[in-house]
Amino acid sequence: MRLLLLPTVGFILIYSLLPHKEMRFIIYTFPVLSLVAARGCSFVLCNYQKSWMYKLGSAVVVGQLLTNTAYTSVCLYVSHHNYPGGRGMQELHRLLPVTADVFVHIDTYAAETGVSRFLEQNANWKYDKREDLSVTSPEFKMYSHLLMESNTTKIQLLKSTHQPLAFIEGYSRITFNLNHFPPIRVQLERKTVLMEKKTSSTQIKE
């Protein structure tokens, strides 16, 4: 393990001398560090009968494994709700028929939270990610649908031409409440909104 650990730690120390530091510079060392940690845990567990210190160490090893499992589960759940833009695109394809005439504008927030080319599943639809448009721009009238950040002000400014079709929730924060089980709760809130262009009949009713 020393043959693996020493060059890995040296690699991290050398990169630490750089004025600009990012996790991506040293992420390649994580598998090696995990291997060394796993070998250490295995050594402690295999010798738990030798003394009370090994028994205590074994309890710590099992405890950290359970803690890591719980933490990973929470992070996985949070990550699932961390891409409201991508989920909005999926909702658009789910709600509308394949034959619909769709020209959707995707704002910057939606594009940064999961929208990608891989989600452009209908070759007959038009997807636009222009960033030079303001909410008050008259060019918004040409879009049949809008996928944008769920902002009350923006929705109000567009209410004359578009109406909300679906709201997509995303991760907001983690709260702790000892009176509930489990005591950790992931709070969600509206992050993106899918807007649909109003028809002439809808505008007449209003």
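Per an unreviewed UniProt entry, the protein goes by Mannosyltransferase and derives from Xyrichtys novacula. UniProt's Pathway (unreviewed entry) comment on the protein is quoted here verbatim: "Protein modification; protein glycosylation." Under the heading Subcellular location (unreviewed entry), UniProt records this for the protein: "Endoplasmic reticulum membrane".

Asks: Looking at this model, I keep getting lost on the environment of T72. Mind explaining?
Replies: Its place among the elements puts T72 in helix 3 (residues 52-80). Reaching out from T72, the side chain makes a polar contact with the backbone oxygen of N68 at a distance of 2.7 Å.

Asks: Which parts of the structure should I look at to understand the packing of aromatic side chains?
Replies: Any aromatic ring pair is given by two values, namely how distant the centres are and how the planes are angled relative to each other. This structure, assessed with the given rule, holds five aromatic pairs. Seen in terms of ring centroids, F11 and Y15 are 4.8 Å apart; in terms of plane orientation they differ by 55°. Their pairing is tilted. Taken together, the residues F11 and Y15, both in helix 1 (residues 2-16) and four residues apart, mark about one turn of the helix. A residue is classified by how much of its surface remains accessible, and Y15, at 32% relative accessible area, is partly exposed. Cluster of aromatic residues (ring-pair linked, three or more members): F11, Y15 and F25. In this arrangement the basic side chain of K126 is found over the ring face of F103, its NZ or CZ atom lying 4.6 Å from the centre. Taking NZ or CZ as reference, R190 lies 3.9 Å from the ring centre of F167, over its face.

Rules used in this analysis
Sequence order sets the numbering: in each chain, residues are counted from 1 along the sequence as written. Whole-chain, interface and lining totals are the exception, using all residues; otherwise, since this is a predicted model, local features are given only for residues with pLDDT of at least 70 and side-chain atom pairs are given and counted only at 80 or more. Here the side-chain values reflect all heavy atoms present in the structure, with hydrogen atoms and water set aside. UniProt positions are given in the numbering used here, feature names are shortened, and annotations may be inferred rather than shown by experiment. Elements are defined by DSSP. Helices are runs of H or I of four residues or more, strands are runs of E of two residues or more, and each kind is numbered from the N terminus. Polar contacts, as used here, are pairs of N or O atoms within 3.5 Å; protein pairs need one atom able to donate a hydrogen and one able to accept it. Residues neighboring in sequence count only if both atoms are side-chain atoms. Pairing of aromatic side chains here covers Phe, Tyr and the six-membered ring of Trp, requires ring centres within 6.5 Å, and sorts the geometry by plane angle: under 30 degrees stacked, over 60 edge-to-face, intermediate tilted. Any residue under 20% of the maximum accessible area for its type is buried, any over 50% is exposed, and the rest in between are partly exposed; the area is computed with a 1.4 Å probe on protein chains only. Here, a charge over a ring is recorded when the distance from Lys NZ or Arg CZ to the ring centre is within 6 Å and its angle to the ring normal is within 35 degrees.

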